[in-house]
Amino acid sequence: MLITVKASPQPSAKYGDTVCVAGIRVDGGRAEWIRLYPLPFRWMGVEQQFRKFDLIDVEVRREAKDTRPESFRPDIDSVKIVRHLDDWKDRQPYMERVMRTSTCALSAAAAERHDAPSLGMVTVKSVERLKIESFSEWTEAQKARIAAAANLAPLSLFGDVTKTPAELKAPRFVARYEYYCTADGCPRHVGQILDWELTALQSRLHREPEASAIAQIEQKFHTQMFAPGRQTSFFMGNFEDARKRHSFSVLGVYYPPEGIATSVGLFDLDQD
């Protein structure tokens, strides 16, 4: 069983039009990070298209092509939605069991060894800036991978698919947090936001003037998520490419009210 934290669809060099899903594995009393990849989310049936903070059942096997320790390949046909965790009170009993770390610790460990944690929950000390920039278009190589995936996904994954999803469109904006984690002497981090909520919000704002759309993204991802009285953390994840292992992106934001959130101590990534 898994509580999901969805990240945005990305054109993958190996798998084309796919979604990488980071989640908390909670079966057997555990609370461990897991990555489900590749997940052709747009090709999945409506009854299988889970939301952020859904509890799901899914069969997985170790992903041999990805050396990150949390990476598993899901059996798409096995995905079953158990229930949605509607509010912070429903989510907190699961999330308070997840160990916190810092981006500094994650990055340093990943730079030293290939089997270091590639996912983590980071308490944010402060956000200096939410930088939002226009995104022009997919590169030609990315377009080719998306087109190839569109041709192969129905045949190789589901056999008989009669409905083709709409074309995957490039995002209108790219957003990055400039922030400090809780590590002593943190030099400041820049993390691109890959949260599915940003993708969905941009889709709803596609007809808005640019200034209005940016203002609404800032309202959601800065003003609301870091409002006084919130205890805000990032769900962080890195890349499979060994050259980029030290670089972590923001896969999601967790911002419960302080009255609900439980303080959890940091853990040492170098600890056996």
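Everything below is about the structure printed above this text.
Reference entry: report on the structure contained in this document. Given the structure is predicted, the values throughout are model-derived calculations rather than measurements.

This part is about the environment of R91. Note on placement: R91 falls in helix α1 (residues 88-95). A relative accessible area of 11% means that R91 is categorised as buried. If we ignore the near neighbours within four places in the chain, the residues touching R91 are F53, H84, L85, D86 and Y254. In this structure the side chain of R91 is engaged in a polar contact, spanning 3.3 Å, whose partner is the backbone oxygen of D86.

Turning our eyes to something else, we now look at the nonpolar core. When a protein is soluble and globular, its nonpolar side chains tend to lie buried together. In terms of nonpolar packing, the biggest core is built from 48 residues, with I3, Y177, F221 and F235 touching the most fellow members. The leading source of residues in this core is strand β9 (residues 119-134), at seven residues. Sequence-distant contacts of F221, that is, excluding residues within four places in its chain, are made with L130, Y177, I193, D195, E197, L198, L201 and F226. Of all hydrophobic cores here, the second largest spans 13 residues; its members include L2, L36, L39 and V79.

The next subject is the side chain of E70. Counting through the fold element by element, E70 comes out in the loop between β5 (60-62) and β6 (71-74). Excluding its chain neighbours within four sequence positions, the residues that come into contact with E70 are W33, I34, R35, P117, S118 and L119.

A word on unusual backbone geometry. One non-glycine residue, F53, adopts positive backbone phi at about 65°. Positionally, F53 belongs in the loop between β3 (32-39) and β4 (54-57). In the Ramachandran plot, R188 falls in the positive-phi region, its phi being about 100° despite a non-glycine side chain. Its location among the elements puts R188 in the loop between β10 (173-181) and β11 (189-192). Looking at R188, the relative accessible area reads 39%, which means it is partly exposed.

Next up on the list: the pattern of salt bridges. Side-chain pairing between opposite charges can occur once the charged atoms of the two side chains come close. Here the structure, examined in full by the defined rule, presents 13 salt bridges. Between E32 and R30 there is a salt bridge whose closest N-O contact spans 3.5 Å. You can call E32 partly exposed: its relative accessible area is 41%. The partly exposed category is assigned to R30, whose relative accessible area is 29%. E197 serves as the salt-bridge partner of K52, at 2.9 Å between the closest nitrogen and oxygen.

What follows is about the environment of L251. With respect to the helices and strands, L251 occurs in strand β13 (residues 248-254). For the pair L251 and G237, spaced 14 residues apart in sequence, the C-alpha separation works out to 6.4 Å.

Per the stated rule, a full pass over the model turns up nine aromatic pairs. Both rings, one in F226 and one in F234, keep their centres 6.0 Å apart while their planes meet at 80°; by these two values the pair is edge-to-face. A relative accessible area of 0% means that F234 is categorised as buried. Members of the aromatic cluster, joined through ring pairs, are W33, F53, W88, F235, Y254 and Y255.

It is worth spelling out helix α2 (residues 103-112) at this point. One turn of an α-helix holds 3.6 residues; hence residues three or four places apart share an orientation. All of the buried residues in α2 are T103, L106, S107, A109 and A110. The buried residues of α2 all sit within an arc of 170° when viewed along its axis, so they share a single face. Facing away from the buried side of α2, by more than 90 degrees, are the exposed residues A111 and E112. In this structure, the buried residues of α2 make contact with β8 (100-101), β9, β10, β11, β12 (233-238) and β13.

Conventions adopted
- Residues numbered from 1 in each chain as written.
- Predicted model: local features only at pLDDT ≥ 70, side-chain atom pairs only at ≥ 80, totals over all residues.
- Heavy atoms only, no water.
- Helix = DSSP H or I, 4+ residues; strand = E, 2+ residues; numbered from the N terminus.
- Buried < 20%, exposed > 50% of the residue type's maximum accessible area, 1.4 Å probe, protein only.
- Contact = heavy atoms within 4.5 Å.
- Polar contact = N/O pair within 3.5 Å; in protein donor to acceptor, adjacent residues only side chain to side chain.
- Core = buried A, V, L, I, M, F, W, Y, C linked by side-chain atoms within 4.5 Å.
- Salt bridge = Lys/Arg side-chain N within 4 Å of Asp/Glu carboxyl O.
- Phe/Tyr/Trp six-rings, centres within 6.5 Å; stacked < 30°, edge-to-face > 60°.
- Arc of directions from axis to C-beta.

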